[in-house]
Each structure stands twice: as structure tokens, then as C-alpha cells.
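# Tertiary structure, described
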Amino acid sequence: MRLLTVLLLAFLASAALTSAYIVVGSGEVRERAFLTVLITPLLWAGFMVYAYWDRKAWRPAATCAGIIAVCSALIVAAPPLAP
């Protein structure tokens, strides 16, 4: 369970968080995209550490799955970006 969380769910959670930030955040898209390039590896590493830090193996997996679900709903519900 931990290896699945580290290899798949941590990456998807960090990608979903940064994608939701691009879609929902304020400011120009160019600035938000630049920040996500810097933040995505840090989030991914943070989720990997959390996957092995917590004593229960299901908590990090459930947290990452919840983040993926919430961010995906935000992305789908948000209006399209202006070009």
C-alpha cells in the first residue's frame, strides 16, 4: 500500500493540486504555471515522506485519494480559462 501511494498517488495528488491551482488561482496563467513548476516536485516529495511517516498505511493513501478527488472536482467545476 505504501509503495502504491509513493509511486502513483503522491504524483497524482501533487499534479492535481498544481492543476487546480492553475485553474482556480488568481493572477495571470503564466505566473501560476511558473509557480507550479517550482512547487510540484516539493509537493511530490512531501507526499512521499508523508506516505512513510504515518504509522497507518491507509491514511496517506486516503489523503492522497481525497486530494485527487477534491482537486478533480474543482477543475471540472471551474469555468474555462481565457486565452
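Before going into details, it helps to say that this report is about the structure given with it. (Residues numbered from 1 in each chain as written. Predicted model: local features only at pLDDT ≥ 70, side-chain atom pairs only at ≥ 80, totals over all residues. Heavy atoms only, no water.)

### Concerning the side chain of T40
On the secondary structure map, T40 appears in helix α2 (residues 29-53). A polar atom in the side chain of T40 sits 2.6 Å from the backbone oxygen of T36. Discounting residues that sit within four places of it in the chain, T40 has contacts with S14 and T18. (Helix = DSSP H or I, 4+ residues; strand = E, 2+ residues; numbered from the N terminus. Polar contact = N/O pair within 3.5 Å; in protein donor to acceptor, adjacent residues only side chain to side chain. Contact = heavy atoms within 4.5 Å.)

### Thoughts on a nonpolar patch on the surface
Taken together, M1, L3, L4, L7, L8, F11, L12, W44 and Y52 make up a surface patch of nonpolar side chains, about 900 Å² in accessible area. Of all the elements, helix α1 (residues 2-24) adds the most residues to the nonpolar patch, at 6 residues. Within the element layout of this structure, M1 appears in the segment before α1. (Patch = residues over 30% accessible without salt bridge, like charges linked within 9 Å, V, L, I, M, F, W, Y side chains within 5 Å. Areas by Shrake-Rupley, 256 points an atom, 1.4 Å probe, with all protein chains shown as cover. Salt bridge = Lys/Arg side-chain N within 4 Å of Asp/Glu carboxyl O.)

### A look at the nonpolar core
L9, A10, A13, F47, A61, C64 and I68 form the largest nonpolar core, which has 7 residues in total. Within the residue set of this core, elements represented by two or more residues are α1 and α3 (58-77). (Core = buried A, V, L, I, M, F, W, Y, C linked by side-chain atoms within 4.5 Å. Buried < 20%, exposed > 50% of the residue type's maximum accessible area, 1.4 Å probe, protein only.)

### Some details on the pattern of salt bridges
Once the charged atoms of two side chains with opposite charge are near each other, the side chains can pair. Counted by the stated rule, this structure contains 1 salt bridge. One salt bridge connects R59 with D54, and the closest N-O pair in it is separated by 3.3 Å. Overall, R59 belongs to the partly exposed group, its relative accessible area being 35%. On the accessibility criterion, D54 (12% relative accessible area) is buried.

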